[in-house]
Amino acid sequence: MNNSQQRGLDRPRARGTGRSVARRAELISVGRKLFADRSYDALSMDDIAKQAQVAKGLIYYYFQSKRGYYLAIVEDSVAELVSRAAGGLQLPPAERVHRTIESYLRYAEHHQAAYRTIISGGVGFDTEVQAIRDGVREAIIATIAEGAYGRRKVDPLPRTALLGWLCSVEGATLDWIDRQELSRDAMRELLVRMLGGTLRAIEELDPSYVAPAPARRDE
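Calculation rules
Residues numbered from 1 in each chain as written. Predicted model: local features only at pLDDT ≥ 70, side-chain atom pairs only at ≥ 80, totals over all residues. Heavy atoms only, no water. Helix = DSSP H or I, 4+ residues; strand = E, 2+ residues; numbered from the N terminus. 1 Å grid on protein atoms, 1.4 Å probe; cavity = no way out; pocket = protein on both sides within 12 Å on 5 of 7 lines; lining within 4 Å. Points joined across faces, edges and corners; volume = space filled by probe spheres on them. Nonpolar A, V, L, I, M, F, W, Y, C, P; charged D, E, K, R; others polar. Buried < 20%, exposed > 50% of the residue type's maximum accessible area, 1.4 Å probe, protein only. Arc of directions from axis to C-beta. Expected span 1.5 Å × (residues − 1). Axes fitted to C-alpha atoms, helices over the stretch in contact; angles between N-to-C directions. Parallel < 35°, antiparallel > 145°, perpendicular 65-115°, else oblique. Contact = heavy atoms within 4.5 Å. Phe/Tyr/Trp six-rings, centres within 6.5 Å; stacked < 30°, edge-to-face > 60°.

Engineer: Would you explain the environment of arginine 96 in this entry?
Structural biologist: Residue position: arginine 96 is located in helix α6 (residues 93-110). Distance in space between the C-alpha atoms of arginine 96 and isoleucine 144 is 8.2 Å, their sequence separation being 48 residues.

Structure (structure tokens):
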């Protein structure tokens, strides 16, 4: 994760009195839903203010612009997702990987609008939004790498392989929350087994990255 991405994840979520913090959080909650259902360009500040039932000036007061509002929504969603997925450091590596995927799916399931905002909202036109999403990808890849190899930073080959796995996870998770045809347990086990295949492929191409025991076919 580069410095600009890290600043985005570490940026304070709110400032001021308890009342202003709560009001800002309410506006972000409304924005998550709005931008999950409609594109950035399709929403005007008048639309947003009407849906939030506040004066347009209040949104400008907290976020300065529509772009600032949108970025705050994405950053808030990303910070929550990363926090949930990166926990469980006290667990053994294999259990940590399972917990990471379980937490990722729980977040997507219970915060569907926010998840859609992170994965697909505005990425095609806004480089700063794309950088935020890339930041959360790097954080999750580092968490998986730590669980599999005991270190957060890995060489280009395993990193690229893990990124490919994560991109497939994003697409599969979007489909899962849309269709709701699989249980979360079934989805988690599917993604864990897909990860196992990725880890075995990494080892075949670079034997210095030994797949952990749970990922091996002979275990």
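Next comes the rest of the description.
Engineer: I tried to follow empty space enclosed by the protein on my own but got confused; where do I start?
Structural biologist: Empty space left among the atoms is revealed by rolling a probe the size of a water molecule over them. Under the definition given, this model contains 1 cavity of 30 Å³ or more. A volume near 50 Å³ is recorded for the largest cavity. Forming the boundary of the largest cavity are Thr100, Ile101, Tyr104, Ile140, Ile144, Trp165, Leu166, Val169 and Leu191. Of all the secondary structure elements, the ones that give two or more residues to the lining of the largest cavity are α6, α8 (127-149) and α9 (156-179). When its residues are assigned to classes, the lining of the largest cavity shows 8 nonpolar, 1 polar and no charged.

Engineer: How do you make sense of helix α4 (residues 56-63) when you look at a structure like this?
Structural biologist: Two residues of an α-helix separated by three or four positions point the same way, owing to the 3.6 residues in each turn. Regarding α4, the residues found buried are Ile59, Tyr62 and Phe63. The arc enclosing the buried residues of α4, seen along the axis, measures out at 80°, which places them on a common side.

Engineer: Could you clarify how one ought to interpret α8 in this entry?
Structural biologist: Here α8 is 23 residues long and its end C-alpha atoms lie 31 Å apart, about the 33 Å a rise of 1.5 Å per residue gives. Downstream of α8 by one or two residues, glycine 150 has phi in the positive range, about 80°.

Engineer: What is the right way to look at the packing of helix α5 (residues 66-85) against α8 in this model?
Structural biologist: Each pair of packed helices can be summarised by the angle the axes make with each other and by the distance between the axes. Running from amino to carboxyl end, α5 crosses α8 at an angle of 5°, the nearest separation of the two axes being 10 Å. The orientation of α5 relative to α8 falls into the category roughly parallel. For the pair formed by α5 and α8, the contact residues are Arg67, Tyr70, Leu71, Val74, Glu75, Val78, Leu81, Val82 and Ala85 on the first element and Glu128, Val129, Ile132, Val136, Ala139, Ile140 and Thr143 on the second.

Engineer: Honestly, the packing of aromatic side chains in this entry has me stumped. Any pointers?
Structural biologist: Any two aromatic rings considered together are summarised by their centre-to-centre distance and by the angle between their planes. One pass over the full model with this rule turns up 5 aromatic pairs. Consider the rings of phenylalanine 63 and tyrosine 69, whose centres lie 4.8 Å apart with planes at 50°: the pair is tilted. Residue phenylalanine 63 is classed as buried on the basis of its relative accessible area of 3%. Plain terms: the ring middles of tyrosine 149 and tyrosine 209 are 5.1 Å apart, the flat faces sit at 80° to each other, and that makes the pair edge-to-face. Highlighted residues: tyrosine 149 in helix α8 and tyrosine 209 in the segment after α10 (184-205), separated in sequence by 60 residues. In this pair, the class of tyrosine 149 matches that of tyrosine 209, namely buried. Each member of the aromatic cluster is reached from another via a ring pair, and the members are Tyr61, Tyr62, Phe63 and Tyr69.

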